[in-house]
Every structure is written in C-alpha cells, then in structure tokens.
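Residue-level listing of the chains:
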Amino acid sequence: MSINWFPGHMAKARREIEENLKKVDVVIEILDARIPHSSHNPMLDEITQHKPRVVVLNKVDMADKQATDAWMAKFKSEGKYPVALDGRNNQIIKRIEPLAIRATAEIFERMQKKGIGRRAIRAMITGIPNVGKSTVINNVAKRKIAKTGNTPGVTKQQQWIKAGEQMELLDTPGILWPKFEDEITGKKLSLTGAIKDTVVPLDEVAIYGIEFLLTHDPARFNAFYNINVSESDDVVDVFDAIGRSRGLKAGGNEINYEAVTNRVIYDIRNGKIGSYTFDEADA
Ligand code: G4P
C-alpha cells in the first residue's frame with residue numbers, strides 16, 4: 001500500500017518518529033537490500049543523531065549477493081550495525097538481537113556505572129513503505145500486529161513486544177516517506193515496489209529495468225524471455241521481442257505495450273528474472 005506524501009504527512013510522520021525516539025535506545029532501520037541508498041530517507045539521520053542504528057538489509061533473497069556484501073561493509077564503516085536477511089524467515093530475531101545488544105553496549109555500561117539497574121533494550125523499527133516493516137514486526141512478535149497502514153497519524157495504542165531475550169520492540173513502526181532525489185531514484189523505488197504505480201510513468205520504469213538488465217545480465221534476460229536482443233537495440237524492438245515471445249498482443253499482430261510494461265515490471269519486482277541490486281555501495 002502506498003499513499004501520496006504531502007508536506008503535512010511528512011511533518012506528522014517526522015513528529016511521530018521523534019516522539020518514539022525518546023522511548024528507545026536503538027533504531028532498527030529497514031532498507032530494501034536491492035536499493036539501500038534509494039530506500040533510505042536521510043531525514044532519519046537528522047533526527048536520530050547519535051542514536052545507535054541497526055540496519056536491516058531486507059529482501060536479501062532478491063538482491064545481488066556481492067552488492068549486499070559491499071553495502072554491509074559500507075554500513076559497518078559508518079559505525080552502523082548492518083544485517084542482511086529475509087524478513088519472512090522466522091529466525092530473524094536471532095540475527096537482529098545480538099546487533100542491538102552490541103549497538104547499545106556503551107549506553108548500558110554508562111547506566112550501570114551510574115548504578116542504574118539493567119532493563120530491556122528498547123528498539124523501534126523504521127522504514128519507507130513496503131520494505132518489510134510489518135513482516136519483520138509480525139515475525140518477531142510471532143503474531144499479527146494490527147496494521148495501521150503506511151499512513152502516519154493513524155494512532156493506536158502502542159505496545160512493547162518482547163523481542164528475543166533482552167529486547168523490547170515498539171509494535172508500531174516509524175513510517176518514513178520515499179525520498180525522490182532524482183528521476184532514477186523514483187524509477188528504482190517503483191521497480192522494487194516501494195512506490196506504487198501512479199507516481200512514476202510505468203513505461204519509463206520498465207525501460208529503466210530493461211536497460212539495467214541488458215547492461216548487467218543480458219544472457220539471463222534473453223534466456224528468461226526467450227529472445228535475442230542487446231544493449232544496442234532500440235528499446236521498442238526489445239518490447240516487441242518480449243511481446244511476441246510472451247504472446248502479449250493487442251489484437252491482430254500488434255504488440256500490447258502496456259501488457260509488456262506490466263509484465264517486465266512484475267518480473268523484476270518479484271525477482272523472477274534474477275537477484276539484482278540497483279544501488280551501488282561505492283557510488
Ligand atoms: P511494510 O510494512 O514496510 O509496508 O512492508 P510489508 O511488511 O507489508 O512487506 C511488503 C511486501 O514485501 C510483502 O509482500 C512481504 O511479504 C514482502 N517481504 C517482506 N520481507 C521480504 C523478504 O525478505 N523477501 C521477500 N521476497 N519479500 C519480503 P506481499 O504480502 O506480497 O505484500 P504486497 O505486495 O501485497 O504489499
């Protein structure tokens with residue numbers, strides 16, 4: 001689900017996250033491992049300041065392995081505590097909790113020195129829509145938490161969920177808005193399903209995806225659609241080839257370009273062709 005973000009929504013989302021930040025020791029930011037840069041909203045850095053950060057590179061099953069390793073290294077070098085995982089796996093708390101413990105070790109040491117008794121580590125999840133926040137929370141909670149939707153301001157009674165042995169997690173995630181730094185970011189967000197289908201023209205999203213695959217993995221792209229095209233071909237010829245191969249006709253022999261567009265986006269979005277990362281760690 002996605003919404004259109006207006007300045008009012010953004011201000012409200014920011015306020016809500018700021019309120020929740022006061023209650024927690026560590027922020028668990030969920031990113032889409034396929035677009036770790038584009039699914040990050042830098043506003044979070046502004047408002048979390050020195051709060052320790054666990055970064056979950058979620059949907060790692062659909063991302064490129066080497067790229068994920070590079071992103072892990074980058075986040076570590078920034079003093080964050082990254083982990084790459086598939087949020088649907090029911091063992092994820094075993095991967096997340098040790099990082100939260102390490103990330104907050106200093107805080108609790110300081111508290112201990114002041115004679116403050118040990119309590120649970122408090123954490124909150126944040127992220128833009130569709131990166132897997134609810135999946136992770138439900139998974140950790142071992143039950144379905146009522147979904148407030150991706151709309152800030154839908155208030156509900158917040159609760160702490162027991163997460164692992166030493167941690168408690170707020171059951172409502174901090175919802176950030178997808179940030180459109182530039183046109184390509186918008187296309188990446190759309191291609192991975194972070195924003196839904198009205199924000200960026202879908203034909204442009206499909207063209208971006210096709211060009212990416214023809215540059216990065218042409219053999220697999222051709223094999224998947226059973227076609228024979230290359231980077232130097234006109235993109236309309238690529239659409240034609242896919243349309244013919246998949247029988248996406250508009251009537252007569254005309255290619256149904258809308259159907260090809262939707263098919264290509266569906267196939268990439270759901271990792272059908274292969275596992276790809278669209279943001280480079282060292283860019
Ligand atoms: P959100 O709360 O951040 O908005 O995201 P949510 O948990 O609803 O997850 C969005 C979609 O991503 C869901 O698909 C969910 O199953 C899927 N998902 C979450 N984590 C992973 C992962 O690690 N790997 C893969 N492959 N998928 C993951 P959906 O139920 O089909 O939702 P939708 O497409 O109908 O929104």
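Residues numbered from 1 in each chain as written. Predicted model: local features only at pLDDT ≥ 70, side-chain atom pairs only at ≥ 80, totals over all residues. Heavy atoms only, no water.

- An unreviewed UniProt entry annotates the chain as Ribosome biogenesis GTPase A of Salinicoccus sesuvii.
- Turning to the chain, the UniProt record has this under Sequence similarities (unreviewed entry): "Belongs to the TRAFAC class YlqF/YawG GTPase family. MTG1 subfamily." (UniProt positions renumbered as here; feature names shortened; annotations may be inferred.)

Things to note about the overall build of the chain
So, point 1. Secondary structure assignment for the chain yields ten helices and nine strands.
So, point 2. Each principal axis of the C-alpha atoms in the chain carries an extent, and together these give about 80 × 35 × 35 Å.
So, point 3. When the 283 residues of the chain are sorted by exposure, 50% land in the buried category.
So, point 4. Considering only residue pairs separated by 6 or more positions, the chain has 68% of its internal contacts joining residues 24 or more positions apart.
So, point 5. Taken as a whole, the chain presents about 14000 Å² of accessible surface, with 49% of it coming from carbon and sulfur.
So, point 6. Averaging the locations of the 41 positively and 38 negatively charged side chains of the chain gives two centres separated by 10 Å. (Helix = DSSP H or I, 4+ residues; strand = E, 2+ residues; numbered from the N terminus. Buried < 20%, exposed > 50% of the residue type's maximum accessible area, 1.4 Å probe, protein only. Contact = heavy atoms within 4.5 Å. Areas by Shrake-Rupley, 256 points an atom, 1.4 Å probe, with all protein chains shown as cover. Lys, Arg positive; Asp, Glu negative; His and termini not counted. Charge placed at Lys NZ, Arg CZ, Asp CG, Glu CD.)

A few points about the nonpolar core
So, point 1. Membership of the largest hydrophobic core comes to 74 residues, with the highest contact counts inside it found for Ile28, Ile96, Met167, Leu169, Phe221 and Ile242.
So, point 2. In terms of domain composition, this core takes at least three residues from each of domain 1 (7-175) and domain 2 (201-269).
So, point 3. Residues in contact with leucine 169, not counting those within four places in the same chain, are Ile28, Ala123, Met124, Ile125, Ile137, Val140, Gln159, Trp160, Ile161 and Ala163.
So, point 4. Residues Leu57, Ala63, Trp71 and Ala84 belong to the second largest nonpolar core, which totals ten residues. (Core = buried A, V, L, I, M, F, W, Y, C linked by side-chain atoms within 4.5 Å. Domains from an automatic or database assignment.)

Considering the packing of helix H6 (residues 183-191) against helix H7 (residues 202-216)
So, point 1. The N-to-C vectors of H6 and H7 enclose an angle of 90°; their axes lie 9 Å apart at closest approach. Classified by the angle their axes make, H6 and H7 are roughly perpendicular. For the pair formed by H6 and H7, the contact residues are Glu183, Ile184, Lys187, Lys188, Ser190 and Leu191 on the first element and Leu202, Glu204, Val205, Tyr208 and Gly209 on the second. (Axes fitted to C-alpha atoms, helices over the stretch in contact; angles between N-to-C directions. Parallel < 35°, antiparallel > 145°, perpendicular 65-115°, else oblique.)

Topic: the site of the ligand
So, point 1. Around the ligand, the structure places 17 residues, and the nearest of them are Asp61, Asn130, Lys133, Ser134 and Thr135.
So, point 2. Within the contact set of the ligand, a nitrogen atom lies 3.1 Å away from a side-chain nitrogen or oxygen of asparagine 58.
So, point 3. At 2.6 Å from an oxygen atom of the ligand is found a side-chain nitrogen or oxygen belonging to serine 134.
So, point 4. Within the complex, the protein chains bury 69% of what would otherwise be the 710 Å² of accessible surface of the ligand.
So, point 5. The biggest single contributor to the shell around the ligand is helix H5 (residues 133-141), with three residues.
So, point 6. For the shell around the ligand, the class distribution of residues is four nonpolar, seven polar and six charged. (Near = heavy atom within 4 Å. Polar contact = N/O pair within 3.5 Å; in protein donor to acceptor, adjacent residues only side chain to side chain. Nonpolar A, V, L, I, M, F, W, Y, C, P; charged D, E, K, R; others polar.)

Things to note about the pairing of strand E4 (residues 121-127)
So, point 1. Most of E4 sits out of view: six of its seven residues are buried.
So, point 2. As judged from the four bridges shared by strand E1 (residues 26-32) and E4, these two strands associate in the parallel manner. Residue pairing in the sheet places valine 26 in a bridge with alanine 123 of E4.
So, point 3. Here E4 runs beside strand E6 (residues 167-170); their pairing, made up of three bridges, is parallel. Note that in E6 the partner of arginine 122 across the bridge is glutamate 168.
So, point 4. Pairing of E4 with strand E7 (residues 174-175) involves two bridges; the strand directions are parallel. Within the sheet, the bridge partner assigned to glycine 127 lies in E7 and is isoleucine 175. (Pairing = 2+ DSSP bridges.)

Things to note about the packing of aromatic side chains
Centre distance and the angle of the planes are the two values used to describe a pair of aromatic rings.
So, point 1. In this structure the tally under the stated criterion is eight aromatic pairs.
So, point 2. Above the face of the phenylalanine 108 ring, arginine 118 is positioned so that its terminal group lies 4.0 Å from the ring centre.
So, point 3. If you follow arginine 246 out to its NZ or CZ, it ends over the ring of phenylalanine 224, 5.2 Å from the centre. (Phe/Tyr/Trp six-rings, centres within 6.5 Å; stacked < 30°, edge-to-face > 60°. Lys NZ or Arg CZ within 6 Å of the ring centre and 35° of its normal.)

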